Amino acid sequence: MKPIRLADAVELIPEGASLMIGGFMGVGTPERVIDELVRQGKRELTIIANDTAMPGRGIGKLIDAELVRKVVASHIGLNPVTQKQMIEQRITVDLVPQGTLIERIRSGGFGLGGVLTPTGVGTVVEEGKQKIEVDGRSYLLETALRADFALIGAFLSDYLGNLTYALTAQNFNPVMAMAADKTIVTAEHVVPVGFIPPDHVVTPAPLVDYVIANG
Amino acid sequence: MLVNLGIGIPTLVANYVPDGIRVFFQSENGLIGTGPVPEEGLIQPLLSDAAGRPVTALPGACTFDSAMSFGLIRGGHVDMTVLGGLQVDQQGLLANWMIPGKMVPGMGGAMDLVSGAKRVVVAMQHTAKGQPKILKACSLPLTSARPVDLVVSEMAVIAFPDGRAALVERAPGVTVEQILASTEAALAIPDNVPEMKL
C-alpha cells in the first residue's frame with residue numbers, strides 16, 4: 001500500500017475507465033474520491049455499483065456531472081437523473097439482480113468464471129444467458145465482472161492498508177476491493193499497525209494499492 | 001425467525017409483530033436486527049436501511065457485506081419476506097419491479113428474495129385506480145418463476161395451494177362478492193371465508 005494525495009489518486013484514473021464503487025445509496029461510498037472525479041472532469045466512465053444513490057450524493061454526483069457512459073447496477077429507482085439520462089439514451093444501464101451483481105463481482109475477484117444462480121430464471125433476466133440444469137434445478141450462468149479501479153470506502157486502515165468497515169457501510173466494498181486492477185481506498189481513520197486485531201481485518205493489506213486518509 | 005421487509009406497505013409489518021415471537025428483521029444492505037428510525041441527534045450515517053435511510057440496530061444486531069446478505073436470501077435462510085406488488089397472477093406469479101416505458105427502477109433485491117425466501121408474502125392494495133391487480137396473467141415482467149405463498153390486501157387474504165388462487169380471509173365488512181368483483185383471477189371460494197382478525 002502507498003499513501004497518496006487525493007488529487008494524485010484520481011489522476012491515475014483515465015477517461016473511459018471502468019470503476020467499481022462501493023456503497024449502498026451513498027452509505028460507504030468514498031465521497032471525496034467522487035468529488036475529485038467531478039473536479040477533474042473524468043468522462044466516459046463505466047460505473048459498476050449497487051445503485052447510483054440520489055442526485056447530489058455519492059455516485060449521483062457523477063451522474064449529475066454527466067461523466068458516466070454506462071452503469072451496471074441493481075437499482076436506479078431513487079435517482080431520477082439516472083433514469084432521465086437512460087430514457088434519453090445518453091447512458092446505458094444494465095440492471096442486474098442485487099444478489100447476482102455481488103456474486104459476479106465476487107467471481108471477478110476470486111478467480112471464477114462466474115456463478116450459477118436460480119435468480120432470474122423465467123424472467124427477462126435470463127435472455128441471452130446459458131441455462132444450466134444441476135440436480136433437476138435450473139440456474140443461469142452469470143459471468144464474472146472486473147474493473148480497472150475499485151473505489152472503496154473503509155472505516156479503518158492501518159499504515160499497511162489492512163481494512164475494516166463499519167456497520168452497513170460494508171455492503172459492496174470488501175468484495176469490490178478484490179475485483180479491480182487497482183484498489184483506491186478512503187479510510188475514515190488511519191491507525192497504527194496492530195490497532196486492528198488480525199481476526200478483525202476484513203480486507204488484507206496486500207489487496208490495497210492506495211489509501212487516502214479522510215482526516 | 002428472520003424476516004425481510006420490502007419498501008412501502010410491507011415496512012408497516014414491523015409494527016404488528018405479536019408478543020412472544022422473536023423476529024429478526026434483515027435489511028438487505030447488510031443488517032440483521034434493524035431497529036426504528038433514530039431520534040434526531042442520534043443518527044449514525046454509516047447505519048442505514050435498504051433505502052439508505054438512517055435506522056438503529058437492536059440489541060443482538062449484526063452487520064455484514066452484500067455477498068453474505070444475499071447468501072442469506074438466496075440460500076433459504078430468510079424465513080419470510082413481505083414485498084409490495086404491482087400484479088399477481090392466478091398461479092401466484094408476481095410482477096413488482098418494472099413498468100416498461102414508464103418506470104424502470106431496477107429489481108434491486110426483489111428477484112433474489114422471491115426466488116430464495118422460504119415464504120413469500122405480497123402486501124399490496126387490491127386494485128390500482130379501480131383496476132384489478134390480481135389477474136389471470138401478469139402483463140408486466142415477472143419477478144420470479146417461483147409463485148408467492150400469500151397475498152394480503154385491504155380486502156382479502158389469498159393463498160395459492162396447488163398453484164391456484166384461493167380466498168382464505170376477507171377484511172371486516174367486505175363480502176366475497178366485492179372481492180370477486182375486484183379480482184380478475186379465477187379464485188377458489190371455500191364454503192366458509194372468515195373475516196380477518198385485526
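Caption draft 1: Representation of the sheet that holds strand E7 (residues 94–95) of chain B in the model. Residues and elements named next belong to chain B. Taken in spatial order, the 3 strands line up as E7-E6-E11 in an open sheet, and their pairing is mixed. The sheet is open, and its two edges are formed by E7 and strand E11 (134–135), each paired on a single side. When strand E6 (residues 87–89) meets E7, the two strands line up antiparallel, connected through 2 bridges. In the sheet register, Val88 faces E7, and the bridge partner there is Leu94.

Caption draft 2: Inspection of the sheet that holds strand E1 (residues 2–5) of chain B at higher detail. Residues and elements named next belong to chain B. If you trace the 9 strands from one edge of the open sheet to the other, you get E4-E3-E2-E1-E5-E8-E12-E13-E14, paired in mixed fashion. Of all the strands in the sheet, just strand E4 (56–63) and strand E14 (166–170) have a single pairing partner and so form its edges. Each strand of the sheet is rotated relative to its neighbour by a mean of 25°, with strand direction disregarded. Two strands pair when backbone bridges link them, and E1 and strand E5 (residues 80–83) are joined in this way by 3 bridges, in the parallel orientation. Within E5, the position partnered with Val3 by the bridge is Met80. Against the sheet, helix H1 (residues 66–74) engages E1, strand E2 (24–27) and strand E3 (31–35), with an angle of about 120° to E2.

Caption draft 3: Focus on the interface of chain B and chain A. Taken together, the contact pairs 34 residues of chain B with 41 residues of chain A. Together, the buried faces of chain B and chain A total about 2,800 Å²; carbon and sulfur atoms form 64% of this surface. On the chain B side of the contact with chain A, Leu46, Arg74 and Pro105 of chain B bury the most area, a combined 21% of that side's loss. The interface formed by chain B and chain A holds 1 salt bridge in total. In this structure, the salt-bridge partner of Glu103 of chain A is Arg74 of chain B, at a minimum N-O distance of 3.8 Å. Applying the counting rule to chain B against chain A returns 12 residue pairs in polar contact (both at pLDDT 80 or more). Of the residues forming the side of chain B that touches chain A, the biggest block, 4 residues, is contributed by H1 of chain B. Looking at the side of chain B that touches chain A, its residues break down into 17 nonpolar, 13 polar and 4 charged.

Caption draft 4: Local environment of the pairing of strand E2 (residues 18–21) of chain A. Residues and elements named next belong to chain A. In E2, alternate side chains face the same way, and those of Ser18 and Met20 on one face and Leu19 and Ile21 on the other are all buried. By the bridge criterion, 3 bridges tie E2 to strand E3 (residues 45–48) in an arrangement that is parallel. By the bridge assignment for E3, Met20 is matched with Ile48. Crossover handedness for the path E2 to helix H2 (residues 31–40) to E3: right-handed.

Caption draft 5: Summary view of unusual backbone geometry. Phi at Glu44 of chain A is positive, roughly 60°, even though this residue is not glycine. Examined against the element boundaries, Glu44 of chain A turns out to sit in the loop between H2 and E3. Owing to a relative accessible area of 44%, Glu44 of chain A belongs among the partly exposed residues under this scheme. The backbone of Asp162 of chain B shows a phi angle near 55°, a positive value even though the residue is not glycine. The residue Asp162 of chain B is located in the loop between strand E13 (156–159) and E14 in this model.

Caption draft 6: View of the environment of Gly26 of chain A. Residue and element names in this part refer to chain A. Relative to the assigned elements, Gly26 resides in the loop between E2 and H2. As a C-alpha pair, Gly26 and Ala7 span 19 residues in sequence and 21 Å in three-dimensional space. Apart from residues lying up to four places away in sequence, Gly26 is in contact with Glu31, Asp51, Ala53 and Arg57.

Thresholds, definitions, all that
Residues numbered from 1 in each chain as written. Chains lettered and ligands numbered in written order. Predicted model: local features only at pLDDT ≥ 70, side-chain atom pairs only at ≥ 80, totals over all residues. Heavy atoms only, no water. Pairing = 2+ DSSP bridges. Helix = DSSP H or I, 4+ residues; strand = E, 2+ residues; numbered from the N terminus. Axes fitted to C-alpha atoms, helices over the stretch in contact; angles between N-to-C directions. Contact = heavy atoms within 4.5 Å. Buried area = accessible area lost by both parts, 1.4 Å probe. Salt bridge = Lys/Arg side-chain N within 4 Å of Asp/Glu carboxyl O. Polar contact = N/O pair within 3.5 Å; in protein donor to acceptor, adjacent residues only side chain to side chain. Nonpolar A, V, L, I, M, F, W, Y, C, P; charged D, E, K, R; others polar. Buried < 20%, exposed > 50% of the residue type's maximum accessible area, 1.4 Å probe, protein only. Right-handed = clockwise from strand over helix to strand, strands pointing away.

Read these as layout, nothing more, since geometry by itself doesn't imply function.
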